[in-house]
There are 2 protein chains.
Amino acid sequence: MEKKRVRLTVAYDGTNYHGWQVQNNGITIESELNRCLTELLGEEIQVIGASRTDAGVHAMGNVAVFDTVHPMPADKISYALNQRLPEDIRIQKSEEVPTDWHPRHCESRKTYEYHIYCAPFPMPINRFYAYFTYHMLDAEAMQQAAKYLVGEHDFQSFCQTGAQVETTVRRIYSLEVEEHGTNESAQPIAPNGREIIIRVCGNGFLYNMVRIIAGTLIEIGQGKRKPAEMKDILSACNRQAAGPTAPAQGLTLIKYEFL
Amino acid sequence: MEKKRVRLTVAYDGTNYHGWQVQNNGITIESELNRCLTELLGEEIQVIGASRTDAGVHAMGNVAVFDTVHPMPADKISYALNQRLPEDIRIQKSEEVPTDWHPRHCESRKTYEYHIYCAPFPMPINRFYAYFTYHMLDAEAMQQAAKYLVGEHDFQSFCQTGAQVETTVRRIYSLEVEEHGTNESAQPIAPNGREIIIRVCGNGFLYNMVRIIAGTLIEIGQGKRKPAEMKDILSACNRQAAGPTAPAQGLTLIKYEFL
């Protein structure tokens, strides 16, 4: 039987998972995919994921691939797999790719959003999808600071210490800070609240890079640091220079684009 | 000690509750408020709610009042109460009102939103806050149909049969159908998905009225009915004439305005 490689676009609510990567001590997105694919296809399946998101991080479009000899058409696997997956994981697309295609060995653009809810009190319906703070952050100052990170830089200051990587150089294509008030619809925002969205697109991100960028921008939004300090934080190439790692639940992997 | 009446603006995620109203067979928003207020103030407290929302329905701004002789300033009660409440209920505001003020015996405008997510597959991060359908609904047809409901009418066709009410006449001030695509941020929408938001503001709503309006508009969006049929459905004054009651999780009580 002929072997084919199938690419999955995977959306999930990370609230109830120990992140993406298979672990001994808890259920993960990857372990659920492996379990359900193995049941569905009757072969031992182990997916290869594009982004190993942390516990509590969400995704609308993470990517995974696997090989199978099962005759089921690649585009039908999404429907069959969603029947078996828990409701907080849903395949958005399944398609055949060349057998040598690997999600981490190809050029791609990744887009993440970090959501911050600023109000006197938390809003229950966004508690798992945004980081709550009662500080009214200065989104303009955050946007000014964000500009320094756009382009190709050594992002070591924004990399969790101890992470094993060949290089800490990455390219950020765009980094925007948006503020949403209650005038827009479909936002769970109290009359006296604001939602701030940090949207970043890059060719790759170091371990905890987006959450450390968010934590640093939050300190700038609080006025603890000036926007121009971002330049020095970047050039320091030292994790200690940057702000804290912002909480996981505010982060969502929006999409992957393969070039 | 002097008695005062306190008004609470209450936000909650209805997913894990048997609705607002106290029941024998499950935890409700009202029972949690009564329990935590009784603990906090050391008096037997029973709140009076403005809207008795159903199981699974959410709120950003439901309203409740209670009387207390406790000396704690009314505006401080929100902070103290939020310390005791579960994280899926959060007081947004607490304030003193006249001792004869009653949330259901005064003129008010209530705003609800019903969220519908249209895409080939469900999106996990909105599964508790929007009704999912793989039908691509025609939002323009829905908006045309919605116009017939604006104004003062007998809404008996949109009232759950068996509901005890003096009159089924209500006034809808506005009823809009909005479509959101992936170009807007902060919307958990797949590239091939849409979110449709039905926003309705009125002086009062009958039992299940918003969900029956939503269910009828969904059938119109599917092309099962023509927009102009809404006129006949309204004039029929018969629940059988309208569409099904749309699922609870798509509904959120956005705000109360007291005139």
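### A closer look at the overall build of chain A
On a plain count of helices and strands, chain A comes out with five helices and ten strands. Computed over C-alpha atoms, the radius of gyration of chain A comes to 19 Å, within 12% of the 18 Å expected from 2.2 N^0.38 for 259 residues, which places it in the range of a compact globule. The principal-axis extents of the C-alpha atoms in chain A amount to approximately 60 × 40 × 35 Å. The burial tally for chain A puts 58% of its 259 residues in the buried class. Look at the contacts in chain A between residues 6 or more apart in sequence, and 72% of them connect residues 24 or more apart.

### Some points on the relation of the copies chain B and chain A
The two chain copies are related to each other by a rotation about an axis together with a translation along it. Overlaying chain B on chain A yields an RMSD of 0.0 Å, the required transformation being a rotation through 180° with an accompanying axial translation of 0.0 Å. What the superposition gives is, in effect, a two-fold axis relating one chain to the other. When the interface residues of chain B are mapped onto chain A, 97% of them are again interface residues, pointing to one common binding face.

### A few points about the confidence of the model for chain A
Here chain A averages 95 in pLDDT, while 98% of its residues score no lower than 70. In the predicted assembly, ipTM is 0.94 and pTM is 0.95.

### Notes on the pairing of strand β5 (residues 108–118) of chain B
Residues and elements named next belong to chain B. For β5, the buried fraction is high: ten of the eleven residues fall into the buried class. Bridging between β5 and strand β10 (residues 251–258) involves seven bridges; their strand directions are antiparallel. Looking at β10, one finds that Tyr114 is bridged to Leu251. One ladder, built from nine bridges, connects β5 with strand β9 (residues 194–202); its direction is antiparallel. Looking at β9, one finds that Glu113 is bridged to Arg199. Pairing of β5 with strand β6 (residues 131–133) involves three bridges; the strand directions are parallel. Across the sheet, residue Cys118 finds its bridge partner in β6, namely Thr133.

### Things to note about the nonpolar core
Within soluble globular proteins, side chains that are nonpolar generally end up buried alongside one another. Residues and elements named next belong to chain B. If you look at the biggest cluster of nonpolar residues, it comprises 70 residues, and the most contacted ones within it are Leu33, Leu81 and Phe158. Tallying contributions element by element places helix α4 (residues 209–221) first for this core, with eight residues. Both domain 1 (4–97) and domain 2 (108–258) contribute no fewer than three residues apiece to this core. In contact with Leu33, other than residues within four places in its own chain, are Val10, Trp20, Val47, Leu81, Leu85, Ile89 and Ile91.

### Quick look at the side chain of Thr168(B)
All names here are of chain B. Of note, Thr168 is situated in the loop between β7 (151–154) and β8 (169–180). Separated by 2.6 Å, the side chains of Thr168 and Asp154 make a polar contact. Those residues in contact with Thr168 that sit more than four places away from it in its chain are His153, Asp154, Phe155, Gln156 and Leu206.

### Observations regarding helix α3 (residues 139–147) of chain B
Residue and element names in this part refer to chain B. Residues Ala139, Ala141, Met142, Ala145 and Ala146 constitute the buried set of α3. Each buried residue of α3 lies within a common arc of 155° when the element is viewed along its axis, so the set occupies one face. Residues of α3 that are exposed and point over 90 degrees away from its buried face: Glu140 and Lys147. Residues of α3 that are buried sit in contact with β5, β8, β9, α4 and α5 (229–236).

### Quick notes on the interface of chain B and chain A
Taken together, the contacts link 37 residues of chain B with 36 residues of chain A. In total, about 2800 Å² of surface goes out of reach between chain B and chain A, with carbon and sulfur atoms giving 62% of it. Applying the counting criterion to the chain B and chain A interface returns four salt bridges. Taken together, the connections running from chain B to chain A amount to six residue pairs in polar contact (both at pLDDT 80 or more). The set of elements that each furnish at least two residues to the side of chain B that touches chain A consists of β1 (4–12), β3 (58–68), α2 (74–84), β4 (89–97), β5, β8 and β9 of chain B.

### Quick notes on helix α1 (residues 29–41) of chain A
All names here are of chain A. The end-to-end C-alpha distance of α1 is 18 Å, a good match for the 18 Å that 13 residues give at a rise of 1.5 Å each. Inspection of α1 places Ile29, Glu30, Glu32, Leu33, Asn34, Cys36, Leu37, Leu40 and Leu41 among the buried residues, and these make up the whole buried set. Among the structural elements, β1 (4–12), β3 (58–68), α2 (74–84) and β4 (89–97) are those in contact with the buried residues of α1. Directly after α1, the chain includes Gly42, whose backbone phi takes a positive value near 70°.

### Here's the deal with the pattern of salt bridges
Side-chain pairing between opposite charges can occur once the charged atoms of the two side chains come close. Residue and element names in this part refer to chain A. This structure, assessed with the given rule, holds 34 salt bridges over all chains. Between Glu219 and Arg225 there is a salt bridge, and its shortest N-O distance comes to 2.6 Å. Judged by relative accessible area, which is 17%, Glu219 ranks as buried.

### Quick notes on the side chain of Arg225(B)
Residues and elements named next belong to chain B. Relative to the helices and strands, Arg225 is located in the loop between α4 and α5. A polar atom in the side chain of Arg225 sits 3.0 Å from the backbone oxygen of Ala241. Contacts of Arg225, omitting those with residues within four sequence positions, involve Glu219, Ile220, Ile233, Ala241, Ala242 and Gly243.

### Looking at the state of the cysteines
The tally for this structure, following the rule as stated, stands at zero disulfides over all chains. Cys201(A) supplies the cysteine sulfur nearest to Cys106(A), a cysteine that is in no disulfide, at a spacing of 14 Å. Take Cys237(B): it sits in no disulfide, and the sulfur closest to it among the cysteines is that of Cys159(B), at 11 Å.

### Things to note about the domain arrangement of chain A
Residues and elements named next belong to chain A. Entries for chain A in the domain assignment read domain 1 (4–97) and domain 2 (108–258). A C-alpha centroid distance of 27 Å is found between domain 1 and domain 2. Domain 1 puts 16 residues into the contact, and the matching count from domain 2 is 15 residues. Roughly 1200 Å² of surface becomes buried between domain 1 and domain 2 when both sides are summed, with 56% attributable to carbon and sulfur atoms. Here domain 1 and domain 2 share one salt bridge between them. Between Arg211 and Asp54 there is a salt bridge, and its shortest N-O distance comes to 3.1 Å. With six residues, the top contributor of residues to the side of domain 1 that touches domain 2 is β3. Of the residues assigned to the side of domain 1 that touches domain 2, the class counts are six nonpolar, seven polar and three charged.

Cut-offs applied
The residue count restarts for each chain, going from 1 along the sequence in the order it is written. Each chain is given a letter, starting from A, and each ligand a number, starting from 1, according to the order in which they appear as written. Reporting of local features is limited, given that this is a predicted model, to residues whose pLDDT is at least 70; pairs of side-chain atoms are given and counted only at 80 or more, and all residues count toward the totals for whole chains, interfaces and linings. Side-chain metrics in this entry use all non-hydrogen atoms of the structure; hydrogen atoms and water are not considered. Strands are runs of DSSP state E lasting at least 2 residues, helices are runs of H or I lasting at least 4, and numbering of each runs from the N terminus. The globule rule used for comparison is 2.2 Å times the number of residues to the exponent 0.38, while the radius of gyration itself is calculated over C-alpha atoms. Partly exposed describes any residue whose relative accessible area lies between the buried limit of under 20% and the exposed limit of over 50%, with all areas from a 1.4 Å probe on protein chains only and scaled to the type maximum. Here, residues are in contact when the closest pair of their heavy atoms is within 4.5 Å. A least-squares superposition brings the copies together, and it is based on the C-alpha atoms of residues with pLDDT no lower than 70 in both. Residue-level confidence of the predictor, termed pLDDT, takes values from 0 up to 100. In this description, strands pair whenever DSSP reports at least two bridges between them. Buried Ala, Val, Leu, Ile, Met, Phe, Trp, Tyr and Cys residues that are joined via side-chain atoms within 4.5 Å together make up what is termed a nonpolar core. For every domain, the bounds stem from an assignment made automatically or drawn from a database. Here a polar contact is taken to be a pair of N or O atoms separated by no more than 3.5 Å, where protein atoms must pair a possible hydrogen donor with a possible acceptor and residues adjacent in sequence count only if both atoms sit in side chains. The arc in question is traced by the directions running from the helix axis to the C-beta atoms. Once two parts are put together, the accessible area they lose, assessed with a 1.4 Å probe and summed over both, is termed the buried area. Any Lys or Arg side-chain nitrogen located within 4 Å of an Asp or Glu carboxyl oxygen qualifies as a salt bridge. Multiplying one less than the number of residues by 1.5 Å gives the expected span of a helix. Cysteine sulfur atoms are paired as a disulfide whenever they fall within 2.5 Å. Asp, Glu, Lys and Arg are counted as charged, while Ala, Val, Leu, Ile, Met, Phe, Trp, Tyr, Cys and Pro are counted as nonpolar; the rest, among them Gly, fall into the polar class.

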